[in-house]
Amino acid sequence: MEDEMKNSVKKAAVTALVCVTAAGMMAGCGNKKLDGTKTAVTVNKQEIPLGVVSLAARMQQAQAEAMYRMYLGGGSDMSIWSTKMGDDSDETYGENAVTTSVETVEKMCLEKEHASEYDVEITEDEQKALEEAAKNFIAANSDETIAELAVDEDMVKTFLELETYDVKMKDAIEAKADVKLDEKEYQQMSFSYASAKVSGDDLSDDIKTNKENLQKFFDKVKEDPTADFNTLGDEISKDMTATTGTCPTYEEGDDSAANGTTYPDEVRTALRKLDEGALNEEIIKTDSVWYVVRLDSKNDETATESKKESLTNTKKDDFYNDTTDGWKKKADIKEEKKLIKKIKITDNHSFTIQTPTPTPDPDVTETPAAEDSATEDSTEAEATATPEAEK
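Residues numbered from 1 in each chain as written. Predicted model: local features only at pLDDT ≥ 70, side-chain atom pairs only at ≥ 80, totals over all residues. Heavy atoms only, no water.

Trainee: How should the overall build of the protein chain be read in this particular structure?
Mentor: When you go through the protein chain residue by residue, the secondary structure sums to 13 helices and 9 strands. Relative to its 391 residues, the protein chain shows a buried fraction of 44%. For the protein chain, long-range pairs separated by at least 24 residues make up 75% of all intrachain contacts whose partners lie at least 6 apart in sequence. Accessible surface, the protein chain as shown: approximately 21,900 Å² in total, 45% of it carbon and sulfur. (Helix = DSSP H or I, 4+ residues; strand = E, 2+ residues; numbered from the N terminus. Buried < 20%, exposed > 50% of the residue type's maximum accessible area, 1.4 Å probe, protein only. Contact = heavy atoms within 4.5 Å. Areas by Shrake-Rupley, 256 points an atom, 1.4 Å probe, with all protein chains shown as cover.)

Trainee: What should I look at first to understand the pairing of strand β2 (residues 39-43) in this one?
Mentor: The side chains of a regular strand alternate between the sheet's two faces. Extensive coverage of β2 is indicated by the burial of 4 of its 5 residues. Strand direction decides the pairing type here: β2 and strand β3 (residues 46-49), joined by 4 bridges, are antiparallel. Its bridge partner lying in β3, T39 is registered against P49. Hairpin connection, β2 to β3: the antiparallel pair is bridged by 2 residues, and N44 has positive phi, about 50°. (Pairing = 2+ DSSP bridges.)

Trainee: When you look at the confidence of the model for the protein chain in this model, what are you seeing that I'm missing?
Mentor: Any segment with low pLDDT has predicted coordinates that should not be analysed in fine detail. Here the protein chain averages 83 in pLDDT, and 77% of its residues register 70 or above. Low confidence marks residues 1-24, where pLDDT is under 50. Its contacts with residues over four positions away, or in another chain, come to 44 contacts. In the predicted structure, residues 364-391 sits below a pLDDT of 50 and forms 37 contacts with residues beyond four places in sequence or in another chain. (pLDDT = per-residue confidence, 0-100.)

Trainee: Looking at this structure, how should I read helix α6 (residues 153-175)?
Mentor: Side chains that are three or four residues apart share a direction in an α-helix, a result of its 3.6 residues per turn. Given a rise of 1.5 Å per residue, 23 residues ought to cover 33 Å, and the 33 Å separating the end C-alpha atoms of α6 matches this to within 8%. The N-capping residue of α6, defined by a side-chain oxygen 3.2 Å from the backbone nitrogen of D154, is D152. (Expected span 1.5 Å × (residues − 1). Polar contact = N/O pair within 3.5 Å; in protein donor to acceptor, adjacent residues only side chain to side chain.)

Trainee: Explain the environment of A129 to me, please; I cannot follow it from the model alone.
Mentor: Along the chain, A129 falls in helix α4 (residues 124-140). Along the primary structure A129 and K157 are separated by 28 residues, whereas in three dimensions their C-alpha atoms are 9.7 Å apart.

Trainee: Honestly, the sheet that holds β3 in this entry has me stumped. Any pointers?
Mentor: Backbone-to-backbone hydrogen bonds pair the strands of a sheet. The strands run either parallel or antiparallel. Pairing is antiparallel in the open sheet, where 3 strands are placed in the order β3-β2-β8. Each having just a single partner strand, β3 and β8 (333-335) make up the two edges of the open sheet. Strand-to-strand twist across the sheet, computed as the mean angle between neighbouring axes with direction ignored, equals 20°. Both β2 and β8 contribute to a ladder of 3 bridges, which runs antiparallel. Each bridged residue has a counterpart across the sheet, and for V43 the counterpart in β8 is I333. (Axes fitted to C-alpha atoms, helices over the stretch in contact; angles between N-to-C directions.)

Trainee: What's the story with the packing of aromatic side chains in this structure? I'm lost.
Mentor: For any pair of aromatic rings, geometry is given as the distance between the ring centres together with the angle between the planes. Enumeration according to the criterion identifies 6 aromatic pairs in this entry. An angle of 80° between the planes, with centres 5.0 Å apart, marks the rings of F191 and Y263 as edge-to-face. You can see F191 sitting in strand β4 (residues 188-197) and its partner Y263 sitting in the loop between β5 (241-248) and α10 (265-272), a full 72 residues away along the chain. Comparing F191 with Y263 shows no difference in burial state: the two are buried. (Phe/Tyr/Trp six-rings, centres within 6.5 Å; stacked < 30°, edge-to-face > 60°.)

Structural data, given as structure tokens:
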């Protein structure tokens, strides 16, 4: 078990290095130059220069913009950073991103401080890799970008070191979590259902048809309780929703499962009273949707295992956050707020992530675990890369 733990931590550390190094080439445009050498944050006597905080903030900005473009189809302009976070908030999304970056740096400093308690360290080989990564980062970026980031090679190395401690410590802390679950929290049942909307301004002419179609569906399923809902639904109406779903078998799972409230109380309550293979004896009628349901399995093994894993990870994350939050409450932390405020994340100042072509080092021999990790994460980095911003 101890060897597995060490291998897991080592692989996580390599993953961090690959991801950060792959994200190393950043292109920026237009901002006031900062003095990165000034101390921005002090955590229990650990002094962190502004350049490290700036780099953390710009990495967060670049990653957020890459995700925005990938998943939301945004163009070159991500107009969100200058927007207020809410009607009752004076803070913009950009200002919040800087605040979050400062908090992350503080947490990573505390993880480094407590590392020995978890037998976590950065090996000599890893230190060399960090130094090489920092050197490559400086070389890969223009003098203008480095000046805008307000970093030098030592600051980049510090940032990479903190990132590595962060990855290693998260695994180490979560390994100590004593996660106990009751099967009622995660067991999932699977069912088939057909549904029809019976209210809504856009359905004035369709409500009667929807009700009639669902009634036809119900009558046919009563004749053949083993019928495939999807096939039968298509036969009656191409517009009918007829498919399968999963939800918690027990009420205890509703609060912890994201899909606990996907289906209304009336549906979940009816399903919990059915035997496997049984069709609910009547159409379930809510104010807006009617349902025909059949319980297929009280314990869907795939869905149950997935929910168990998800809930376990959530509880481990909670343990990790509680641990690091506890350290922060006891720590002596000083923030130079006026200095930090000079880091501006706005809509008219953008950074993008580039993926450089790695140069093989003939003197470095990686372990199989490291090689696997590098392959996986290099692929992911390429998938999230965005074109270089025009200057």
